[in-house]
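Residue strings, one per chain:
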Amino acid sequence: MLIQINTDRNIAGGDALARRVESAIKKNLDRFSDHITRVEAHLGDENSQKGGSADKRCVLEARAAGIKPVAVRHHAPTVAQAVNGALEQLKRALDSTLGRLKDR
């Protein structure tokens, strides 16, 4: 499973952030690793220095062999919370999508 991390110019963290996000993705999506070929994470701060209660955004897109990409989005006060929220949504979406394929 290839993991690609993208950030906008308002997100700081560099390699350390990328390693934490990659580790969280691997840990949470390990049971889907036979099906997923690539996961892309897009991290952003929607209103830059203005602040806000839920201005950090994480969009996760999982590409599995033989099906359309599955994408989710989560907003939260911190990048870590946004990533964790998006991972929970992605796990549910993959359970549903891959479960339907298995039932066929």
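Below you will find a few notes about this structure.

Calculation rules
Residues numbered from 1 in each chain as written. Predicted model: local features only at pLDDT ≥ 70, side-chain atom pairs only at ≥ 80, totals over all residues. Heavy atoms only, no water. Helix = DSSP H or I, 4+ residues; strand = E, 2+ residues; numbered from the N terminus. Buried < 20%, exposed > 50% of the residue type's maximum accessible area, 1.4 Å probe, protein only. Contact = heavy atoms within 4.5 Å. Lys, Arg positive; Asp, Glu negative; His and termini not counted. Charge placed at Lys NZ, Arg CZ, Asp CG, Glu CD. Core = buried A, V, L, I, M, F, W, Y, C linked by side-chain atoms within 4.5 Å. Salt bridge = Lys/Arg side-chain N within 4 Å of Asp/Glu carboxyl O.

**What about the overall build of the chain?**
- From N to C terminus, the chain includes two helices and four strands.
- The secondary structure elements of the chain, listed N-terminal to C-terminal, are β-α-β-β-β-α.
- With respect to the three principal axes, the spread of C-alpha positions in the chain is 50 × 25 × 20 Å.
- Within the chain, buried positions represent 37% of all 104 residues.
- Contacts in the chain between residues far apart in sequence, at least 24 positions, make up 51% of those at least 6 positions apart.
- Computed over 18 positive and 13 negative side-chain charges, the inter-centroid distance for the chain is 2 Å.

**A few points about the nonpolar core**
- Ranked by internal contacts, the top residues of the largest apolar core, which has 26 residues, are Ile25, Leu29, Leu60, Leu90 and Leu94.
- For this core, the secondary-structure elements that each account for two or more residues are α1 (14-29), β2 (36-45), β3 (56-64), β4 (70-76) and α2 (79-103).
- When residues in this core are grouped by element, the largest group, eight residues, is from α2.
- With sequence-adjacent residues up to four places away left out, isoleucine 25 is seen in contact with Ile3, Ile5, Asp30, Val39, Ala41, Leu60 and Leu87.

**Let's talk about the environment of lysine 68**
- Position of lysine 68 among the secondary structure elements: in the loop between β3 and β4.
- For lysine 68, a relative accessible area of 70% puts it in the exposed group.
- Separated by 18 residues in the primary sequence, lysine 68 and alanine 86 have C-alpha atoms spaced 18 Å apart.

**Focus on the pattern of salt bridges**
- Scanning the model with the defined rule gives nine salt bridges in all.
- Across the pair glutamate 88 and lysine 91 runs a salt bridge whose closest N-O atoms are separated by 3.0 Å. Remark: lysine 91 and glutamate 88 occur in helix α2; sequence separation between them is three residues, near one turn of the helix.
- Taking relative accessible area as the criterion, lysine 91 reaches 16% and is therefore assigned buried.
- When salt bridges that share partners are traced, they join Arg38, Glu40, Glu61 and Arg63 into one network.

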